[in-house]
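Examination of the molecular architecture
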Amino acid sequence: MELMRINQVVESFGLSSRTLRYYEEKGLIWSQHPDNKAQRYYDESALERLKQIIVLRKLQIPIRDMVVIFKGESTTALIQAFVDKLESLDMEIAALSELRQLVDDFLHKMLMSGIKKISAITLLYEETEKRLATVPETEPISFEKLSEISRETLRLHDTRVIRLPSMRMLTSRLKTGQIEEMDGDKMQNLFAEYGFIPTPGMRNCFFAMEKTEWIMMIKIPHNYENLTIYTDEIFSGGLYAIASTFFEDMDDTFTLLREWITRSSEYKLDTEPERIEMIEEILPWDIAIKFNRYQQDIFIPIKVREEL
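Residues numbered from 1 in each chain as written. Predicted model: local features only at pLDDT ≥ 70, side-chain atom pairs only at ≥ 80, totals over all residues. Heavy atoms only, no water.

Let's talk about the environment of glutamine 80
Within the secondary structure layout, glutamine 80 lies in helix α5 (residues 76-112). Of the residues examined, glutamine 80 reaches a relative accessible area of 42% and is grouped as partly exposed. (Helix = DSSP H or I, 4+ residues; strand = E, 2+ residues; numbered from the N terminus. Buried < 20%, exposed > 50% of the residue type's maximum accessible area, 1.4 Å probe, protein only.)

If you want it as structure tokens, here you go:
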């Protein structure tokens, strides 16, 4: 049976390697290390499961529900997950419909008052009308359309721009060149024996994307004598666009934030090689583990657009 390397899976399915490992940690998929190879490989059955996971995530079925769904052979859990999602959507639609009515009423009151310059409110009305329009029954729902709808309903939360300072960082890359794998709780304690423990939300520990691998980086003093088994480097810092997300929505949130930057009249993507995309754990470890909800800030390097 032909196996697919993790970097091939990442490229083919548009997922990050960390997302794949997260699915493994939850017992949703599995990998192999044939002939003691360092890289992970996935067989046909694992890839088939991955396709199922992706479709369910596009339908916004939570990971915790998927764990239950794939434990049994019957569709009982799957049907219940869909029922729960429909109820959630009904509540959201009801809230949006009420909001639409309020906006509509407000618009008419403004018109009746004789106010002329209401272009912003008109645009809001038209945009709301567009978003609430349903997909025509004759239009086939392709996987691309499903992905588009999924991202549209996800939206960005708490988007902001910050400047990070330059820092010296200890990385999860061994001095031999190999990158340490960080399954399960290992990321919390990777550097603990050297006295460095990450604190979520304190901007002292990041996970940076390097090709298809995520590398953990933690801040260390500039005068620290590195006698560890890990390499260290100088993080250049700089300007970043940030958005908050939960782990299962991370890949889509990266896509949405890149689109936000591309549309911005003030900022643009910084594509310099040393500027890299990153994530930072935000929710305290004990809370994240207790509720199985891992919240991150995602970071994309940007720079100010030059004035025309």
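Thoughts on the packing of helix α1 (residues 6-13) against helix α2 (residues 17-25)
Interhelical geometry of α1 versus α2 gives an angle of 105° and a closest axis separation of 9 Å. Relative to α2, the element α1 is oriented roughly perpendicular. Each of Ile6, Val9 and Val10 in α1 lies in contact with α2, whose residues at this interface are Ser17, Leu20 and Arg21. Each residue belonging to the contact of α1 with α2 can be placed in one class, and the counts come to four nonpolar, one polar and one charged. (Axes fitted to C-alpha atoms, helices over the stretch in contact; angles between N-to-C directions. Parallel < 35°, antiparallel > 145°, perpendicular 65-115°, else oblique. Contact = heavy atoms within 4.5 Å. Nonpolar A, V, L, I, M, F, W, Y, C, P; charged D, E, K, R; others polar.)

What about the pairing of strand β6 (residues 213-220)?
Along β6, seven of the eight residues are buried, which leaves the element largely enclosed by surrounding structure. As paired elements, strand β4 (residues 167-174) and β6 share four bridges and run antiparallel to each other. By the bridge assignment, threonine 171 is partnered in β6 with methionine 217. Across six bridges, the pairing between strand β5 (residues 205-210) and β6 is antiparallel. Paired with phenylalanine 206 across the bridge in β6 is methionine 217. (Pairing = 2+ DSSP bridges.)

Remarks on α1
Structural remark: α-helix, 3.6 residues per turn; residues separated by three or four positions point the same way. Here α1 has its buried residues at Ile6, Val9 and Val10. Axial view of α1: buried residues confined to an arc of 100°, hence all on one face. Exposed side chains of α1 directed beyond 90 degrees from the buried face belong to Glu11 and Ser12. Looking at the buried residues of α1, the elements they touch are β1 (4-5), α2, β2 (41-42), α3 (44-58) and β6. (Arc of directions from axis to C-beta.)

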